[in-house]
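# Structural characterization, general
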Amino acid sequence: MKSFKWLAVSLILLGSGSAVQAAETATEDFSTRTYEVASIDSGLLGTSERFRFDSGLEFDYPDAVRGIYVTGNSAGGERFPSLVELVGTTDLNAMVIDVKEDMGHLTYTPEKGSPLAGKGIGTSLIQDPRAMLELMEQEQIYPIARVVVFKDTELAERRPELSFTANGEVWKNRREEAFVNPFMQEVWDYNVEVAIEAAKMGFKEIQFDYVRFPEGFERYGEQLDYSMGEFADSKLDPVQRRVEAVTDFVAYAREKLEPYDVEVSVDIFGYAATLPEAPGIGQNFSKISENVDVISSMIYPSHWTSYFGIAKPDLEPYKLVAEYAKVENEVLSKLEEAPVSRPWLQDFTASYLGAGNYKRYGKAEVEAQIRALNEQGIDEFLLWNAGNSYSQGVDYTPE
């Protein structure tokens with residue numbers, strides 16, 4: 001177990017602010033595009049110390065990342081010391097912290113001179129990100145910055161031409177969330193700028209979430225107005241064109257982040273690994289995996305319908321995770337260079353599924369999911385609980 005320095009943690013306790021709270025509920029070959037950085041030898045750029053950015057913070061990659069999700073409210077508020085204690089007194093060793101949250105706001109206020117300072121998207125949730133990261137360095141908690149990409153109500157409403165519109169109004173899903181357009185280079189650069197700033201702060205990994213089109217886009221996309229950007233001349237069918245846009249963004253972001261000495265990871269729907277590609281949202285598991293250091297499938301048992309022969313997956317966390325892991329392993333084994341697999345696991349109770357369809361999740365259910373991964377050779381994982389209230393007494397390295 002790692003030691004926990006309560007005094008140091010107390011010093012980091014910050015005000016929670018009043019801003020918004022993050023709200024996650026949760027073919028052709030890859031085309032080589034010529035980007036702005038193409039004139040630079042990317043190999044030289046990635047290896048030369050002259051171009052390597054140094055944040056001044058040192059973090060060692062753990063033996064295997066075992067992490068928890070942390071909202072901006074929690075990272076900058078009263079809950080943070082207890083989360084640091086949880087990590088410091090168990091075999092957990094990492095935190096995924098919201099930097100750009102689900103509505104499109106930053107969880108901190110950019111400093112003057114930052115390219116993000118004039119965009120009006122900063123909040124006061126985390127008042128001193130550097131002090132937070134310095135504490136994490138002291139406790140050797142591996143810091144991962146979560147950047148929500150294409151679900152971005154703030155940018156969509158401010159710049160409708162970068163979004164999807166219907167009858168002149170920004171389109172929103174049933175949860176009143178808007179998305180920005182993955183075909184648009186300007187949207188790519190906007191999110192890469194956020195990622196670069198997180199890297200400069202000292203985060204050692206950038207985790208891109210919502211790297212996709214809205215769910216169901218294959219059904220209603222033709223009814224919306226939006227630009228195809230540089231993809232307008234693509235000869236691919238609509239499904240492959242969306243796959244191309246999403247995959248190209250991931251490759252582009254990783255290339256842009258190369259000088260900043262960070263890992264790049266992507267969250268992806270678990271079912272994407274079971275299909276050639278998810279037709280509406282543009283996620284091709286294999287193609288995305290080829291362009292990241294870490295792939296994080298969201299495999300919460302509650303999020304599956306009847307699958308793998310399991311009628312009610314939420315009731316059988318071990319079996320669901322084990323069956324998924326077998327499929328993912330097979331897919332990744334076919335890649336020349338497979339990324340690290342680090343799935344998202346469930347540490348919440350999905351009572352919304354209704355009586356008889358869910359069970360209360362706690363120590364036993366979390367350990368069952370971890371054990372299922374470990375038995376299939378997957379040693380890394382992340383735990384999701386939207387309120388950051390994690391089960392007590394869990395053995396995070398069960399035999």
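Just so it is clear, the structure is predicted and the values come from calculations on it, not from any experiment. (Residues numbered from 1 in each chain as written. Predicted model: local features only at pLDDT ≥ 70, side-chain atom pairs only at ≥ 80, totals over all residues. Heavy atoms only, no water.)

### Description of the side chain of Glu365
Within the fold, Glu365 resides in helix 12 (residues 363-375). Classification of Glu365 by relative accessible area gives buried; the value is 13%. For Glu365, the side chain forms a polar contact with the main-chain nitrogen of Gly362, separated by 2.9 Å. Beyond its immediate sequence surroundings of up to four residues, Glu365 is in contact with Pro317, Lys359 and Arg360. (Helix = DSSP H or I, 4+ residues; strand = E, 2+ residues; numbered from the N terminus. Buried < 20%, exposed > 50% of the residue type's maximum accessible area, 1.4 Å probe, protein only. Polar contact = N/O pair within 3.5 Å; in protein donor to acceptor, adjacent residues only side chain to side chain. Contact = heavy atoms within 4.5 Å.)

### Structural notes on the packing of aromatic side chains
For the structure on display, the rule yields 28 aromatic pairs. Residues Phe183 and Phe231 carry aromatic rings whose centres are separated by 5.5 Å and whose planes lie at 50° to one another, so their mutual orientation is tilted. Placement of the pair is Phe183 in the loop between strand 5 (169-170) and helix 7 (185-201) and Phe231 in the loop between helix 8 (217-220) and helix 9 (238-257), with a sequence separation of 48 residues. Given a relative accessible area of 3%, Phe183 falls into the buried group. Residue Phe231 is classed as buried on the basis of its relative accessible area of 2%. (Phe/Tyr/Trp six-rings, centres within 6.5 Å; stacked < 30°, edge-to-face > 60°.)

### Some remarks on the pairing of strand 6 (residues 205-209)
Counting buried positions along strand 6 yields five of five residues, so the element is predominantly enclosed. By the alternation rule, side chains of strand 6 split into Glu205, Gln207 and Asp209 and Ile206 and Phe208, which are all buried. In this structure, strand 3 (residues 142-148) lies alongside strand 6, joined through five bridges in parallel fashion. Considered in strand 6, the bridge of Val148 is made with Asp209. (Pairing = 2+ DSSP bridges.)

### Section: the confidence of the model for the chain
Confidence in the prediction for the chain averages 89 pLDDT; 87% of positions are at 70 or higher. Under a pLDDT of 50 for its full length, residues 1-50 has, in the predicted model, 111 contacts with residues more than four places off or in other chains. (pLDDT = per-residue confidence, 0-100.)

### Quick look at unusual backbone geometry
One non-glycine residue with positive phi stands out, namely Tyr210, at about 55°. By the element assignment, Tyr210 lies in the loop between strand 6 and helix 8. Judged by relative accessible area, Tyr210 falls into the buried class, the value being 5%. For Phe308, which is not a glycine, the phi torsion comes out positive at approximately 55°.

### Brief notes about helix 4 (residues 80-88)
Across the nine residues that make up helix 4, a large majority, seven, are buried. Taken together, the buried positions of helix 4 are Phe80, Pro81, Leu83, Val84, Leu86, Val87 and Gly88.

### As for the environment of Gly356
If you trace the backbone, Gly356 turns up in the loop between strand 10 (344-346) and helix 12. Remark: the alpha-carbon pair of Gly356 and Asp314, spanning 42 residues in sequence, is separated by 9.8 Å. Once you skip the residues sitting within four places of it in the chain, Gly356 turns out to touch Lys312 and Leu315.

### Notes on helix 11 (residues 317-333)
Between its first and last C-alpha atoms helix 11 spans 24 Å; for 17 residues at 1.5 Å apiece the expected length is 24 Å, and the two agree. Buried residues of helix 11: Pro317, Leu320, Val321, Ala322, Tyr324, Ala325, Glu328, Val331 and Leu332, and no others. Turning to helix 11, the residues buried within the fold contact helix 10 (285-289), strand 8 (294-298), strand 9 (340-341), strand 10 and helix 12. (Expected span 1.5 Å × (residues − 1).)

### As for the side chain of Ser297
Mapped onto the elements, Ser297 comes out in strand 8. Residue Ser297 is classed as buried on the basis of its relative accessible area, which comes to 0%. Looking at Ser297, its side chain comes within polar contact range of the side chain of Tyr324, at 2.6 Å. Residue contacts for Ser297: discarding those within four places in its chain leaves Ile268, Gly270, Phe285, Tyr324, Glu328, Arg342, Pro343 and Trp344.

### Observations concerning the pattern of salt bridges
Enumeration over the complete set of coordinates arrives at 22 salt bridges. Linking Arg130 and Glu134 is a salt bridge whose minimum nitrogen-to-oxygen distance equals 3.5 Å. One end of the pair is Arg130 and the other is Glu134, both in helix 5 (residues 129-139) and four residues apart, which spans about a single turn. Residue classification places Arg130 among the partly exposed residues on the basis of a relative accessible area of 31%. Among the ionic pairs, Asp293 bridges to Arg254, the shortest N-O distance being 2.8 Å. Residue Asp293 is found in the loop between helix 10 and strand 8, and its partner Arg254 is found in helix 9; the two are separated by 39 residues along the sequence. (Salt bridge = Lys/Arg side-chain N within 4 Å of Asp/Glu carboxyl O.)

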